[in-house]
Amino acid sequence: MNIHLNKPYSINTDKLKRYQAHYQISATEMLIVPQRAMGEESACDVRWEDIDGARHVMHNVMFRNENLVALDFLLYDNLYKLWKHYY
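First, a word on scope: everything that follows refers to the structure included in this document.

Analysis parameters
Once a new chain begins, its residue numbering starts again from 1 and follows that chain's sequence as written. At least 70 in pLDDT is required for a residue's local features to be given in this predicted model, at least 80 for side-chain atom pairs to be given and counted, and no such filter applies to totals for whole chains, interfaces and linings, which use all residues. With hydrogens and water set aside, each side-chain value is computed from the structure's full complement of heavy atoms. We count a stretch as a helix when DSSP gives it H or I for four or more residues in a row; a strand needs E for two or more, and each element gets its number in order from the N terminus. Working rule for contacts: check all heavy atoms of both residues, and any pair within 4.5 Å makes them a contact. For Phe, Tyr and Trp, where Trp contributes only its six-membered ring, two rings pair if their centres lie within 6.5 Å, and the inter-plane angle classes them as stacked under 30 degrees, edge-to-face over 60, or tilted in between. Buried residues are those whose accessible area, probed at 1.4 Å on protein chains only, stays under 20% of the maximum for their type, while exposed residues exceed 50% and partly exposed ones sit between those limits.

## Some details on the environment of Ile 3
Piece 1. Here Ile 3 is to be found in the segment before strand S1 (9-11).
Piece 2. As a C-alpha pair, Ile 3 and Ala 37 span 34 residues in sequence and 7.6 Å in three-dimensional space.
Piece 3. Dropping the residues within four chain positions of it, Ile 3 is found in contact with Tyr 9, Pro 34, Ser 42, Asn 65 and Leu 68.

Quick look at the structure:
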């Protein structure tokens, strides 16, 4: 799967529970932005906004490319706005 750097992605719906349990963040609220391609994986920034509106980021989080899907702007308008704010 081709991953485009600095473009918005979300987690494949089949993997939501796994990533939510691992990162303790609602996986549907995570904006994934690949920064470096590394073969079948990508080093990504993970951004999210909590209930109070505070914005958070984790850098260099590794994701398998197959677990990422291009962000659907209609379903995740909040993540699209977050992406536009930073990128």
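## Section: the packing of aromatic side chains
Piece 1. Applying the stated rule across the entire model yields two aromatic pairs.
Piece 2. Taken together, a centroid distance of 4.3 Å and an interplanar angle of 70° make the contact between Phe 73 and Tyr 80 edge-to-face.
Piece 3. Residue Phe 73 is classed as partly exposed on the basis of its relative accessible area, which comes to 39%.
Piece 4. In this structure Tyr 80 comes out as partly exposed when scored by relative accessible area, which is 26%.
Piece 5. For the pair Tyr 80 and Trp 83, a centre-to-centre distance of 5.9 Å together with 40° between the ring planes defines the contact as tilted.

By themselves these figures say nothing about function.
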